[in-house]
Amino acid sequence: MTTEQNQTQSQAQPQNLTDGMRIVVQALKKNGIDTIFGVVGIPVTDLARHAQEEGIRYIGFRHEQSAGNAAAIAGYLTKKPGICLTVSAPGFLNGITALANATTNGFPMIQISGSSDRAIIDLQQGDYEEMDQMNIAKPFCKAAYRINKPEDVATGIARAIRAATSGRPGGVYLDLTTAMLAATMDQDEADKTLFTVVDPAPASIPSAASVDQALSLIASAKSPLIILGKGAAYAQADDTIKAFIEKTGIPFLPMSMAKGLLPDDHPQSAAAARGFVMKGADVVILIGARLNWLLGHGKGKHWNPAVKFVQLDIEPKEFDSNRPIDAPVAGDIVSSMQAFVDGLAKHQIKVDPSWMDAINKDKAVNAQKMEAKLASTAEPMNFFNALKAVRDVLDKQRDYYLVNEGANTLDDTRNVINMYEPRKRLDCGTWGVMGIGMGFALGAAITTGKQVVSIHGDSAFGFSGMEVETMCRFKLPITVVVFNNGGIYKGDSPNLSGGTDPSPTTLMPDAHYEKIIEAFGGTSYYAETPAELTKALTEAIASKKPCMIDVKIDPSVGLESGHIGNLNPSTALKS
Ligand code: ADP
Ligand code: TZD
Ligand code: MG
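The rules we used
Residues numbered from 1 in each chain as written. Chains lettered and ligands numbered in written order. Predicted model: local features only at pLDDT ≥ 70, side-chain atom pairs only at ≥ 80, totals over all residues. Heavy atoms only, no water. Near = heavy atom within 4 Å. Polar contact = N/O pair within 3.5 Å; in protein donor to acceptor, adjacent residues only side chain to side chain. Areas by Shrake-Rupley, 256 points an atom, 1.4 Å probe, with all protein chains shown as cover. Helix = DSSP H or I, 4+ residues; strand = E, 2+ residues; numbered from the N terminus. Pairing = 2+ DSSP bridges. Axes fitted to C-alpha atoms, helices over the stretch in contact; angles between N-to-C directions. Contact = heavy atoms within 4.5 Å. Nonpolar A, V, L, I, M, F, W, Y, C, P; charged D, E, K, R; others polar. Salt bridge = Lys/Arg side-chain N within 4 Å of Asp/Glu carboxyl O. Expected span 1.5 Å × (residues − 1). Buried < 20%, exposed > 50% of the residue type's maximum accessible area, 1.4 Å probe, protein only. Arc of directions from axis to C-beta.

### Observations concerning the site of ligand 1
Close to ligand 1 lie 19 residues; Arg168, Lys230, Arg290, Asp313 and Ile333 are nearest. Arginine 168 is positioned such that a nitrogen or oxygen atom in its side chain is 2.7 Å from an oxygen atom of ligand 1. Between ligand 1 and the protein, one listed contact pairs a nitrogen atom with a backbone N or O atom of isoleucine 333 at 2.9 Å. A total of 580 Å² of accessible area belongs to ligand 1 in isolation, and the protein chains cover 95% of it. It is helix H12 (residues 230–235) that provides the largest number of residues to the shell around ligand 1, a total of 4 residues.

### Re the sheet that holds strand S7 (residues 171–177)
Strand pairing in a sheet relies on backbone hydrogen bonds. The paired strands run either parallel or antiparallel. Overall, parallel pairing links the 6 strands, which are arranged S3-S2-S4-S5-S7-S6 in an open sheet. The open sheet has two edge strands with one neighbour each: strand S3 (57–60) and strand S6 (143–147). When the angles between neighbouring strand axes are averaged without regard to direction, this sheet yields 25°. The pairing of strand S2 (residues 35–38) with strand S4 (residues 82–86) spans 3 bridges and is parallel. Among the inter-strand pairings, glycine 38 is bridged to a residue of S4, identified as leucine 85. Relative to strand S5 (residues 109–115), helix H5 (residues 90–105) is tilted by about 160°, and along the sheet it contacts S4, S5 and S7.

### Digging into the site of ligand 2
Lining the immediate environment of ligand 2, one finds 17 residues, of which Asn408, Thr409, Gly432, Asp458 and Ala460 sit closest. One of the backbone nitrogen or oxygen atoms of methionine 434 is found 3.2 Å away from a nitrogen atom of ligand 2. One of the backbone N or O atoms of serine 459 is found 2.9 Å from an oxygen atom in ligand 2. Only helix H18 (408–416) and helix H20 (458–462) provide two or more residues apiece to the shell around ligand 2. Of the residues belonging to the shell around ligand 2, the class tally is 8 nonpolar, 8 polar and 1 charged.

### Focus: the pattern of salt bridges
Applying the stated rule across the entire model yields 26 salt bridges. Notably, a salt bridge pairs arginine 62 with glutamate 469, separated by 3.2 Å at the nearest N-O pair. Remark: glutamate 469 occurs in helix H21 (residues 468–473) and arginine 62 occurs in the loop between S3 and helix H4 (64–78); sequence separation between them is 407 residues. A salt bridge links aspartate 264 to lysine 259; the nearest nitrogen and oxygen atoms lie 2.9 Å apart. Residues joined by salt bridges that share partners form a network here, namely Glu371, Lys388, Arg391 and Asp392.

### A look at helix H23 (residues 530–543)
Helix length check: H23 (14 residues) gives 20 Å between terminal C-alpha atoms against 20 Å at 1.5 Å per residue, within 8%. Taken residue by residue, H23 has Leu533, Ala536, Leu537, Ala540 and Ile541 as its buried positions. All buried residues of H23 fall inside an arc of 120° around its axis, so they share one side. Structural note: H23 exposes Ala531, Lys535 and Ala542 on the side pointing more than 90 degrees away from its buried face. One or two residues past the end of H23 sits lysine 544, with phi positive at roughly 55°.

As structure tokens, then:
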């Protein structure tokens, strides 16, 4: 028995008293929180124990960053804030990258962290894990609060839930002082403080004038294009978005995590003609997508110079952030898309068939080029013949979540693997961050109970690889696929000094990542050919058990930085 367990039992509260940490659990329960992802230690171990005792699922991770990523993706999938529990100072800091990433991507998440004695922190007298956590968290999240008294727990939790989920969702930091966690109060009085937040993310109805203006502009277009972003996927306005797209006939381009909102094989998908439609569109309708680097900031050589923009977003500050927006529509996407569908009675929107014909021609040319790449018989495999094997297995069974991280492994998988259902593709997102992989895979599997296929570059996998133990401990139906080309982007880059140290991008080409899972009783596969990969993936998925496949990829085939080599500062010198 640990000292902490001893303390819990010997300090049993009299019947009519409760304490801060029990009230936190009650307040979370009262607000429908059913899962906590975290890593325990002083001062939050008993909080996790009480949560489990009260029927909240506690998923213990090996590193807070993965716990935070799991919470963030749970938030994205459910529209309820995902909860990540961390200990003070170092545990808190380990969670902050995930909290910042959640905020950047618009995922609702609350990082709840214990913190040490305020008086000692403020005088910097050197407490155990001393850190001024709330002030450190502030630049990395949407909002930060501290609960100092047990009487304030319910209000603190309510504020965190509202801040995480209303408006543009994001990460919230909630600081729980050790003193508050231990403070006692009368149980009946504590019960009276508890409440359920009413309508945590209120609808935001767009003005009729803004909808009218947008629909008039769209009706005047010759070559309109809809861009669907992960904000649209998050909003869960699936049927209304589909209705608007199909009633108007406007082609659509999904951003990475919006793939599957409408199926990738939908006749109006312009995904395989991305460059062509961006250059050719005269009116672009952004639905829950920002004009950030992923869309070339909405200007420059990739766009039609005369293009006009309609933008549907819940965050009015987003409009004009990169270029003027001709018809901004401020509102939540459920309400705005409903207004758009209703507005079709008044506005005649019909797309000129020659626009779709031109798109289809471009799609056909690109599809042919892609099929040629996929038909490669290279051995060792390149990304494309390996991905063809994966695609052919996954296309047969569509009820799975796809997690994806890496550089070439990310970009090529996005292009090859079709998605058919909303919110099923989970990836590096707005920052292109490595390390989300295992956290997202675990978060998706725990939240949905469904099969997850998690495809990582060998470098990307390394950031969260120890969570293979977590996946085995919880017996989750996740198949981890590592595309092992022996490095960051590729495995054969030279050391420019001519010395024997591996180059900055080199990892071990002969590593057998699949062996990791053997340590935890999971099933391992190694694939050197497409046939071996097909067999391994088919078996792994059918087993519904934790599995790992190391896929041997030619170390020489990756592109520097995948598809974003143009962002490398040294490109100018090289060319
Ligand atoms: P992507 O990376 O897919 O292009 P972004 O994360 O850049 O998507 O953009 C998502 C946008 O969606 C953000 O500007 C965010 O404010 C917006 N958004 C998120 N949820 C909603 C919602 N429910 N209604 C309207 N807009 C939303
Ligand atoms: N650290 C973090 C947190 N995020 C990052 N994006 C990077 C470092 C830099 N980086 C990339 O942008 S991609 C990548 C790194 C380290 C790994 C690419 O190698 P991989 O994929 O093995 O995962 P491929 O298939 O070899 O390209
Ligand atoms: Mg690699």
